[in-house]
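Commentary on secondary and tertiary structure
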Amino acid sequence: MPEIVEWFHPKRRTGQTRLLMLGAVVGALVVLTSSTLFAWPVTGLSASADADDPNVAFDAPDGSCLTWPTGSPAIKQVDCSAQHLFEIAGTVDLTSKYPSGAQFPDGTLWQKIAQDNCGPVVTKYLSGKLDPNGKFSANALNPTNQQWSGGARTIRCGVQAAGPAGALQPTTGSARSADQSPIYPVGTCMGIKDKAVSDPVPCTSEHAYEIVGIVDLKSQFPDGYPDEDKQQTALSQRCVQAANDYTGNYDLTKNKLGLTWDTIKQESWNLGSTKVNCKIGQKLADGSGLQSITNSVKGVGGGAAASTTTSTSSPPAGG
């Protein structure tokens, strides 16, 4: 089975704290996005309409975990052993830089405020071990315009996990003790948008690739970081085996699919991220992006095959 190379991997920021501003207005707080602020698709709902405690995001102690239903401001605190979307890492008071009467920050300034303040807070919360290429990122819960006008200048910094397109992904357990390897469970199908990898979707929907294996390279390289060539050699064997086991020895080449995998940077390895995903997908013939796939390849070696379709959407900006 052939390997699909660099084009297959979603672009990542490296060499710095990855800060994904993902967002919405959630109850009495605002979560930032990478481009702008936007509201939940629920109108006419006050900050306290469905929340057990409308100020939970600001009252909960550091280490608390928060969650909310999609499209709802009903934010609530849960035990971190339960699924959650945000883990509070610390509080920052902006009063000295934004005294009474200061204008409410726009989306661009909120991003800078969060980046300047929450990256360091989250890194400290994780004992200096925030993998810049890992599954977690730093973000800020901020006061609304109305709260700001009333004098609120506190932001809560925290940890979250997000998909390639920015949708928050539920996690369980505290980030402080979690494996930060950016992996998805076997059987996950990653969506496709504009010929690029998007957030997880049902495998019956169009998707870019399907996760068929997880490999922990530390088991093969217990004495230290394996360079790129060693990783490629090891994964070319272990991911092929994982794909054969998952698909029932399906002939990917004959069915116009390919196998690829992620590799690990040394800075991530040093922070404990040693696991990678093996995945099946295919690029478009013209090399402009990824091909859409429908249905799962699990066990198809003895049954109905997944199908591929040619995407007609425009390529992502910048190629």
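Residues numbered from 1 in each chain as written. Predicted model: local features only at pLDDT ≥ 70, side-chain atom pairs only at ≥ 80, totals over all residues. Heavy atoms only, no water.

Notes on the packing of aromatic side chains
On inspection of all chains with the given rule, the structure shows 5 aromatic pairs. With a centroid separation of 5.8 Å and an interplanar angle of 65 degrees, the aromatic rings of Y98 and W148 are classed as edge-to-face. One end of the pair, Y98, is in the loop between strand 5 (86-93) and helix 2 (107-125); the other, W148, is in helix 3 (residues 145-149), with 50 residues separating them in the sequence. Given a relative accessible area of 2%, W148 falls into the buried group. When the ring of F104 is compared with that of W148, the centres are 5.9 Å apart and the planes differ by 80 degrees; the resulting orientation is edge-to-face. Residue F104 is located in the loop between strand 5 and helix 2, and its partner W148 is located in helix 3; the two are separated by 44 residues in the primary sequence. Through a chain of ring-to-ring contacts, three or more aromatic side chains come together here, namely Y98, F104, W110 and W148. One residue, R153, lies across the ring of W148, its end atom 3.9 Å from the ring centre. (Phe/Tyr/Trp six-rings, centres within 6.5 Å; stacked < 30°, edge-to-face > 60°. Helix = DSSP H or I, 4+ residues; strand = E, 2+ residues; numbered from the N terminus. Buried < 20%, exposed > 50% of the residue type's maximum accessible area, 1.4 Å probe, protein only. Lys NZ or Arg CZ within 6 Å of the ring centre and 35° of its normal.)

Concerning unusual backbone geometry
When glycine is set aside, most residues are seen to have a negative phi, and most peptide bonds are trans. One non-glycine residue, D194, lies in the positive phi region at around 55 degrees. Structurally, D194 is set in the loop between strand 8 (189-193) and strand 9 (196-201). The class of D194 is partly exposed, set by a relative accessible area of 35%. At N249, a position not held by glycine, the phi torsion is positive, near 60 degrees. Assignment of secondary structure puts N249 in the loop between helix 4 (228-247) and strand 11 (258-261). Residue N249 is classed as exposed on the basis of its relative accessible area, which comes to 59%.

Structural notes on helix 2
Taking 1.5 Å of rise per residue, the 19 residues of helix 2 would be expected to cover 27 Å, and the 25 Å separating its terminal C-alpha atoms lies within 8% of that figure. Along helix 2, the largest kink reaches about 35 degrees and is centred on C118; proline P120 follows within four residues of it. When helix 2 is considered as a whole, its buried residues turn out to be G107, W110, Q111, I113, A114, N117, C118, G119, V121, V122 and Y125. Buried residues belonging to helix 2 abut strand 5, strand 6 (136-142), helix 3 and strand 7 (154-161). By the N-cap criterion, in which a side-chain oxygen at the helix start approaches the backbone nitrogen of a residue two or three places on, helix 2 is capped by D106, the distance to T108 being 3.3 Å. S127, located one to two residues past helix 2, shows a positive phi value of around 60 degrees. (Expected span 1.5 Å × (residues − 1). Bend = angle between axes of the 7 residues up to and from the residue. Contact = heavy atoms within 4.5 Å. Polar contact = N/O pair within 3.5 Å; in protein donor to acceptor, adjacent residues only side chain to side chain.)

Thoughts on empty space enclosed by the protein
Think of a ball as big as a water molecule: rolled over the atoms, this probe shows where empty space is left. All told, the structure shown has 1 cavity of 30 Å³ or more when counted by the stated rule. In this structure, the largest cavity encloses a volume near 50 Å³. Lining the largest cavity are H84, L85, E87, F136, V159, Q160, A161, Q169, T171, G173, S174 and A175. With 3 residues, the single largest contributor to the lining of the largest cavity is strand 7. Residue composition of the lining of the largest cavity, grouped by class: 5 nonpolar, 6 polar and 1 charged. (1 Å grid on protein atoms, 1.4 Å probe; cavity = no way out; pocket = protein on both sides within 12 Å on 5 of 7 lines; lining within 4 Å. Points joined across faces, edges and corners; volume = space filled by probe spheres on them. Nonpolar A, V, L, I, M, F, W, Y, C, P; charged D, E, K, R; others polar.)

Some remarks on the state of the cysteines
Under the counting rule described, the total for this entry stands at 4 disulfides. Between the sulfur of C118 and that of C157 lies a disulfide, 2.1 Å long from S to S. Here the S-S torsion is close to -70 degrees, and the disulfide linking C118 with C157 is therefore left-handed. Taken as a pair, C118 in helix 2 and C157 in strand 7 lie far apart in primary sequence, 39 residues in all. Residues C118 and C157 agree in their burial class; the two are buried. Covalent S-S linkage joins C239 and C278, the inter-sulfur distance amounting to 2.0 Å. Its S-S torsion of about -70 degrees marks the bond between C239 and C278 as left-handed, since a negative value means left-handed. (Disulfide = S-S within 2.5 Å.)

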